[in-house]
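What the coordinates show
Residues per chain are reported as follows:
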Amino acid sequence: MSAVQEFDLLIAGGGMVGASLACALAGLPLRAAVIERVPPASEQQPSFDLRTTALSRSSQRVLEGLGLWAELAPQATPIRRVHVSEQGRFGTAVVDAREQGVEALGYVIENRRLGAAFFRRLERADNVELFIPGSAGEVVTDADGLRLSIETERGPRTLRASLLAIADGARSRLREAVGIPAASRAYEQVAIIGTVAVGRPGDGVAYERFTPQGPLALLPAGGDRYVFVLTRHESEAESVLASSEAAFRDLLQAAFGFRLGRFGRLGQRSAYPLYLTRARRLTAPRCVVVGNAAHGLHPVAGQGYNLGLRDVAVLAELLADALRAGRCDPGDPALLAAYSDWRRRDQRNVVAFTDGLVRLFELPLPGLGALRGLALQAFDLLPGARQLLAREAMGLGGRLPRLVRGLPL
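No experiment lies behind these values; they were computed from the predicted model shown.

Here is what the cut-offs are and how they apply
Residues numbered from 1 in each chain as written. Predicted model: local features only at pLDDT ≥ 70, side-chain atom pairs only at ≥ 80, totals over all residues. Heavy atoms only, no water. Helix = DSSP H or I, 4+ residues; strand = E, 2+ residues; numbered from the N terminus. Rg over C-alpha atoms; globule rule 2.2 N^0.38 Å. Contact = heavy atoms within 4.5 Å. Areas by Shrake-Rupley, 256 points an atom, 1.4 Å probe, with all protein chains shown as cover. Pairing = 2+ DSSP bridges. Axes fitted to C-alpha atoms, helices over the stretch in contact; angles between N-to-C directions. pLDDT = per-residue confidence, 0-100. Phe/Tyr/Trp six-rings, centres within 6.5 Å; stacked < 30°, edge-to-face > 60°. Buried < 20%, exposed > 50% of the residue type's maximum accessible area, 1.4 Å probe, protein only. Lys NZ or Arg CZ within 6 Å of the ring centre and 35° of its normal.

**Let's talk about the overall build of the chain**
When helices and strands are tallied, the chain shows 11 helices and 21 strands. A globule of 409 residues ought to have a C-alpha radius of gyration of about 22 Å, and the chain, at 22 Å, matches this closely. In terms of overall dimensions, the chain has a C-alpha envelope of 65 × 45 × 40 Å along the principal axes. Sequence separation of 24 or more characterises 72% of the internal contacts of the chain that already satisfy a separation of 6 or more. A total of about 17,800 Å² of accessible surface is found on the chain, and carbon and sulfur atoms cover 52% of it.

**A look at the sheet that holds strand β1 (residues 4-6)**
Sheet architecture is open: 4 strands sit in the order β1-β12-β11-β10, paired in mixed fashion. Only two strands of the sheet have a single neighbouring strand rather than two, namely β1 and β10 (134-141). Neighbour to neighbour, the strand axes of the sheet diverge by 30 degrees on average, direction disregarded. Inspection of the sheet shows β10 paired to strand β11 (residues 146-152) by 6 bridges, in the antiparallel sense. Its bridge partner being in β11, Val-139 is matched across the sheet by Leu-148.

**Considering the confidence of the model for the chain**
Overall, the prediction assigns the chain a mean pLDDT of 90, with 92% of residues at 70 or greater. For the stretch residues 363-371, pLDDT sits under 50, and the model shows 6 contacts to residues farther than four places along the chain or on other chains.

**Description of the packing of aromatic side chains**
All chains considered together, the criterion is met by 8 aromatic pairs. Ring centres 6.5 Å apart and planes at 70 degrees place the aromatic pair Phe-48 and Phe-118 in the edge-to-face group. Of the two residues, Phe-48 is situated in the loop between β3 (32-35) and β4 (52-56) and Phe-118 in helix α4 (residues 111-124); the sequence distance between them amounts to 70 residues. Each member of the pair, Phe-48 together with Phe-118, is buried. Relative to Phe-256, the ring of Tyr-207 lies with its centre 5.1 Å away and its plane at 80 degrees, an arrangement referred to as edge-to-face. Remark: Phe-256 occurs in helix α7 (residues 245-256) and Tyr-207 occurs in strand β15 (residues 205-211); sequence separation between them is 49 residues. Among the aromatic residues, ring-to-ring pairing joins Tyr-207, Tyr-226, Phe-256 and Phe-263 into one connected group. One residue, Arg-269, lies across the ring of Phe-248, its end atom 4.4 Å from the ring centre.

Next comes the structure, spelled out in structure tokens:
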């Protein structure tokens, strides 16, 4: 049997959230390990591909606090305004960065650039060991810690630690293995994602447009490029994805209109089925779920990674505080209870908001469309309502961890 390697904390999953957590722990006096099946630079790595992420203001602050933003900023496109509308209705809602007193509401950046920055940091971290490629196996917990069996290129290993952070995605096998059930509901929708050139670049304006066929988001990606996230029912998604470039461009134009001029060249298109996944609880003995393993969201409001990064900021803060107080057990039940209590409200609110938006604009009830238009128009006329939505969209509502407040761990 292989020798047991000792760590303070194990991170199962080296995607967006798992790698972010490892970067946060790189500055703390503890030993961590990351177990990830697919190398970050591989074309098969689902997290760090050509897709983009809309980073909220809170996420930008966290990345700045981790010392990563200076490297990422030149590669990120600012979102200075968000424009929400419904096709065929007169109401619109606009949130403007200047009105909120910030330079940008958020930023758009390619996932592969995030991944490259994360792993450059981790390769320099003396206290983080990477088991990549590596696959997690059996977990055995006891009063003092846990053992995780993993498979690596050099054969089987056994890792022991005080805490296991499960960050292996919405369909997490480990989450189920440690006794944390999850509820999952298929939206019966598929997100078709790619880039399109526009005739009139929107100067940092992001658009969320609701149509009878599903929502369409357009995010500025620098120059004349916009990222689109087009949602279609699963029954028609395959034919839409396979349509010619001209036909697909016409479909996008018909759904969005000509506010950005005439659409031009298209980038590669990819498709992802959409689910809502919620863990029934966030912790088990010596285990915690973070990111999509805790909450897999519809992309309608672009909140998935941002919510997961706030998971990271809270867990890292609680660990840092415990270490400063001389409490050296990362899996302490009191620490895990504090994490669960802190994160419950934010996660519940974001899930309700994103799921509620999808449901609201799907309902075909007579007269509801006109009411939605009036609601959007009323929202746009009420500065207090815009302020509230802006703070939630920027991830600045509720109790904020130090990294989100611009403070060090």
